[in-house]
Amino acid sequence: MPEYTRKKIRLGDLLVSAKAITESQLQKALELQKGSGRKLGEVMMDANMLTQDQLAKAMSEQLGYELVDLSNISISDQVLALVKADLLKKKSVIPVEYGENSNVIRVAMADPLDLDTIDDISIITGCRVEPVIATEHQIKIAIDRFFGQEEVQSALEQFAKEKLSVEEEDIYSEDINSSPVVMLVRDLIEKAARQRASDIHIEALEKSVRVRYRIDGSLYEKARYDIKILPAIVARVKIIGGMDISEKRKPQDGRITQIVDRVEYDIRVSILPSAYGEKIVMRLAAKQALNREKSKLGLRGDEIRQFDHILQNPHGILLVTGPTGSGKSTTLYTALSELNTEHVNIITVEDPVEANIDGINQVQVNPKADLTFASALRSILRQDPDIIMIGEIRDRETASIAVQASITGHLVVSTLHTNSSASTITRLEDMGVESYLIADSVVGVIAQRLVRVLCPHCKQQVQATEEELELLGEKPGTRKMIYKAVGCPKCDNMGYLGRTGVYEIMEMTPELKRIISRHATADEIKEQALKDGMHTLRMSAISYVEEGVTTVGEMMRVSFDT
């Protein structure tokens, strides 16, 4: 470990020396930083010049400080008691252990060049500070893990003491950060975002409020509070979500925007009256998360080629199908981002607009103003569009206009709720669209699901059982190694870390068009598509099991009915 030095080092020069950034990137970052009052590292990360991991690695190599992994670290209560949580949160640091003698404390820092923070901690603890390096994200998760409940508990005790219930000055204010209810709601959202949750459920039980996070598609209980605090939580969420605080008998919907660790989250809120009080569900979406490269969706090489080939059609309908929460919107936004050039006019009609994309004209459905999918589509066709995205085909009228738009020279992309690619065709027929029009207009159907990805740090190889061999389509007695979920601190003992897409891409061929136009059943369409080279959801999921990406249980969950 290097001797602690007071020598002032410039972060930009350090990163250039480490070849983490170029000199021209540094100059651009310094220009962006001017007058902003922000740290240079923050500016570069916001401009996508480097990631938190790259920044931490470069500083560790150049300064000689140890790079630590906080995801599976244990810190003694004695060390945690040295500095108050609010200071640790403000400075993004956390003490991890005493050094070789008790007068030295090792402190994990995202910025070990911050001498003021080192001095502050040294004065508070009376120890010499020895920096170690960790990413800001890891430090914040560690603070949540070690101090989260303690902070919430003190906020709840303060709430009980002050009997705040629903005091107006408290719940209406964006600025009163010390208010227990404001702190609690903000804390719930921040923790959910850091733990990769897609939804927060705040539920009224008989004697308590239960908080659950949906992480990688499964719900996990994270906290329980006294039922007395529920009215204050509901009132605060209604205020920041733009809802009617006095209405408690009807369901309400709202939206919240919150920045967590420099990432902007768009949060859709639904409030529903239940037996013991109002239930809140908040759906979190990071704005940039909907806008990603095709390879990050889970599409394989041959699937990317099929996807690209379908998108090259100048007109026709591309349908993405699957249940709620299967990643349909992400796939559509990815397609639109690829097609988004100055030479095309792209217009979307959505309910709601899930992410704003520069250069695309997005229309929000508003039934109160008689702006439905169908009425918006009619107006859009007079706006000289090249590409139209419809959030969802819900009824006969919308389906009919979408088909007409595609036949008259537009590329239409949309979603539908069906189980497979083949059943999407028969669903359009059920909606009243003529089979010859479907055959003429549809250029491709993508059915998709999301499977949980095994944690690479703890997954364990095992011999497949006879039952698993049967599910994988293998002969009895075959020796086949697969992986199972275990659980470790890096994946919060879940055994899984993230999700990836499983796809069934049905590209329209002349033979498929022929059998669709003569009212083929879903089974006949599927049979022909398989002859034409389609891989079913089950086939794609089996490949993931064989590669050790996921488990047989996940494969069955997403392809049980296919």
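Since this is a predicted model, take the numbers as computed values, not measurements.

Student: Let's hear about the overall build of the protein: which residues, and what values?
Tutor: For the protein, the helix and strand inventory stands at 22 helices and 18 strands. A compact globule built from 562 residues would reach a C-alpha radius of gyration of about 24 Å, and the protein, at 27 Å, matches this within 12%. For the protein, the spread of C-alpha atoms along the principal axes amounts to about 85 × 60 × 55 Å. Scored against the burial criterion, the 562 residues of the protein give a buried share of 50%. Pairs at least 24 apart in sequence give 62% of the contacts found in the protein among residues at least 6 apart. Accessible surface, the protein: about 27100 Å² in total, of which carbon and sulfur atoms supply 48%. A distance of 2 Å separates the average location of the 70 positive side-chain charges in the protein from that of its 84 negative side-chain charges.

Student: Report on the environment of His-315, specifying residues and quantitative values.
Tutor: Summarising the element assignment, His-315 is placed in the loop between α12 (301–311) and β10 (316–321). Along the backbone, His-315 and Ile-94 are 221 residues apart, and their C-alpha atoms lie at a distance of 56 Å. When residues no more than four places from it in sequence are discounted, the contact partners of His-315 are Ser-406, Gly-409, His-410, Leu-411 and Val-443.

Student: Could you give me a rundown of the environment of Ala-142, with the residues and numbers involved?
Tutor: Mapped onto the elements, Ala-142 comes out in helix α8 (residues 136–162). Along the sequence, Ala-142 and Ser-71 sit 71 residues apart, while their C-alpha atoms lie 7.3 Å from each other.

Student: Any details on the pattern of salt bridges? Residues and values, ideally.
Tutor: Applying the stated criterion across every chain, the model contains 39 salt bridges. Across the pair Glu-136 and Arg-262 runs a salt bridge, and its minimum N-O distance is 2.9 Å. Here Glu-136 is found in helix α8, whereas its partner Arg-262 is found in the loop between β7 (252–260) and β8 (263–274), with 126 residues between them in sequence. Residue Arg-262 is classed as partly exposed on the basis of its relative accessible area of 25%. In this structure, the salt-bridge partner of Glu-203 is Arg-210, at a minimum N-O distance of 2.9 Å.

Student: Can you lay out helix α7 (residues 115–125) for me, pointing to particular residues and giving the numbers?
Tutor: Residues of α7 that are buried include every one of Leu-115, Thr-117, Ile-118, Ile-121 and Thr-125, and no others. In an axial view of α7, the angular spread of the buried residues amounts to 160 degrees, which keeps them on one side of the axis. The exposed set on the far side of α7, more than 90 degrees from its buried face, consists of Asp-116 and Ile-123. On its buried face, α7 is in contact with α6 (85–91), β1 (93–98), β2 (104–109) and β3 (128–133). Looking one or two places after α7, you find Gly-126, whose phi comes out positive at around 70 degrees.

Student: Please set out the sheet that holds strand β15 (residues 442–454) residue by residue, giving values where relevant.
Tutor: One open sheet accounts for seven strands, arranged β12-β11-β13-β14-β10-β15-β18; its pairing is mixed. Single-partner strands in this sheet number two, and they are β12 (361–364) and β18 (496–507). The sheet shows a mean angle of 20 degrees between the axes of neighbouring strands, taken without regard to direction. Where β10 and β15 come together, five bridges link them in parallel fashion. The partner of Ile-317 across the bridge, within β15, is Val-442. Contacts from helix α16 (residues 421–430) reach β10, β14 (411–416), β15 and β18 within the one sheet, and its direction differs from that of β15 by about 135 degrees. Where helix α22 (residues 552–559) meets the sheet, it contacts β15 and β18, and its direction lies at approximately 150 degrees from that of β15.

Student: Lay out the sheet that holds β2 with the relevant residues and their values.
Tutor: The three strands are arranged β1-β2-β3 in an open sheet whose pairing can be described as mixed. Every other strand in the sheet has two partners, leaving β1 and β3 as the edge strands with one partner each. With direction set aside, neighbouring strand axes in the sheet form an average angle of 35 degrees. As judged from the five bridges shared by β1 and β2, these two strands associate in the antiparallel manner. From the neighbouring strand, Glu-97 faces β2, where its bridge partner is Arg-106. Where α7 meets the sheet, it contacts β1, β2 and β3, and its direction lies at approximately 135 degrees from that of β3.

Student: Before we move on, could you go through the packing of aromatic side chains and cite the residues and values that matter?
Tutor: A full pass over the atoms with the stated rule returns zero aromatic pairs. Lying across the ring of Tyr-496, Arg-452 places its NZ or CZ 4.1 Å from the centre. Cation over ring: Lys-459 sits above Tyr-483, and NZ or CZ is 4.6 Å from the ring centre.

Student: Lay out the nonpolar core in plain terms, naming residues and giving numbers.
Tutor: Counting 39 residues, the largest nonpolar core has Val-349, Ile-390, Ile-425, Leu-428, Met-506 and Ile-525 as its most contacted members. Apart from the residues within four sequence positions on either side, Ile-425 is in contact with Ile-438, Val-442, Val-445, Met-506, Met-508, Ile-516 and Ile-525. Core analysis: the second largest hydrophobic core is formed by 36 residues, Ala-192, Ala-193, Ile-200 and Ile-271 among them.

Student: Let's hear about helix α20 (residues 522–531): which residues, and what values?
Tutor: Within the span of α20, buried status applies to Ile-525, Gln-528 and Ala-529. Here the buried residues of α20 occupy an arc of 100 degrees about the axis, which is enough to place them on one side. The exposed residues of α20 that point more than 90 degrees off its buried face are Asp-523 and Lys-531. The inward-facing, buried residues of α20 abut α16, β18 and α19 (510–517). Following α20 by one or two positions, Gly-533 has its phi on the positive side, about 100 degrees.

Student: Provide a residue-level description of unusual backbone geometry, including the pertinent values.
Tutor: Of note in this structure, Arg-262 is not a glycine but carries a positive phi near 70 degrees. Even without being glycine, Asn-493 reaches a positive phi, approximately 60 degrees. Mapped onto the secondary structure, Asn-493 falls in the loop between β17 (481–484) and β18. In this structure Asn-493 comes out as exposed when scored by relative accessible area, which is 56%.

Student: Residues and numbers for the packing of α19 against α20, please.
Tutor: Where α19 contacts α20, the axes come no closer than 10 Å and their chain directions differ by 170 degrees. Considering their axes alone, α19 and α20 lie roughly antiparallel with respect to each other. Here Glu-511, Leu-512, Ile-515 and Ile-516 of α19 lie close against α20, whose contacting residues are Glu-524, Ile-525, Gln-528 and Ala-529. Per-class residue counts for the contact of α19 with α20 are five nonpolar, one polar and two charged.

What counts, and at which threshold
Residues numbered from 1 in each chain as written. Predicted model: local features only at pLDDT ≥ 70, side-chain atom pairs only at ≥ 80, totals over all residues. Heavy atoms only, no water. Helix = DSSP H or I, 4+ residues; strand = E, 2+ residues; numbered from the N terminus. Rg over C-alpha atoms; globule rule 2.2 N^0.38 Å. Buried < 20%, exposed > 50% of the residue type's maximum accessible area, 1.4 Å probe, protein only. Contact = heavy atoms within 4.5 Å. Areas by Shrake-Rupley, 256 points an atom, 1.4 Å probe, with all protein chains shown as cover. Lys, Arg positive; Asp, Glu negative; His and termini not counted. Charge placed at Lys NZ, Arg CZ, Asp CG, Glu CD. Salt bridge = Lys/Arg side-chain N within 4 Å of Asp/Glu carboxyl O. Arc of directions from axis to C-beta. Pairing = 2+ DSSP bridges. Axes fitted to C-alpha atoms, helices over the stretch in contact; angles between N-to-C directions. Phe/Tyr/Trp six-rings, centres within 6.5 Å; stacked < 30°, edge-to-face > 60°. Lys NZ or Arg CZ within 6 Å of the ring centre and 35° of its normal. Core = buried A, V, L, I, M, F, W, Y, C linked by side-chain atoms within 4.5 Å. Parallel < 35°, antiparallel > 145°, perpendicular 65-115°, else oblique. Nonpolar A, V, L, I, M, F, W, Y, C, P; charged D, E, K, R; others polar.

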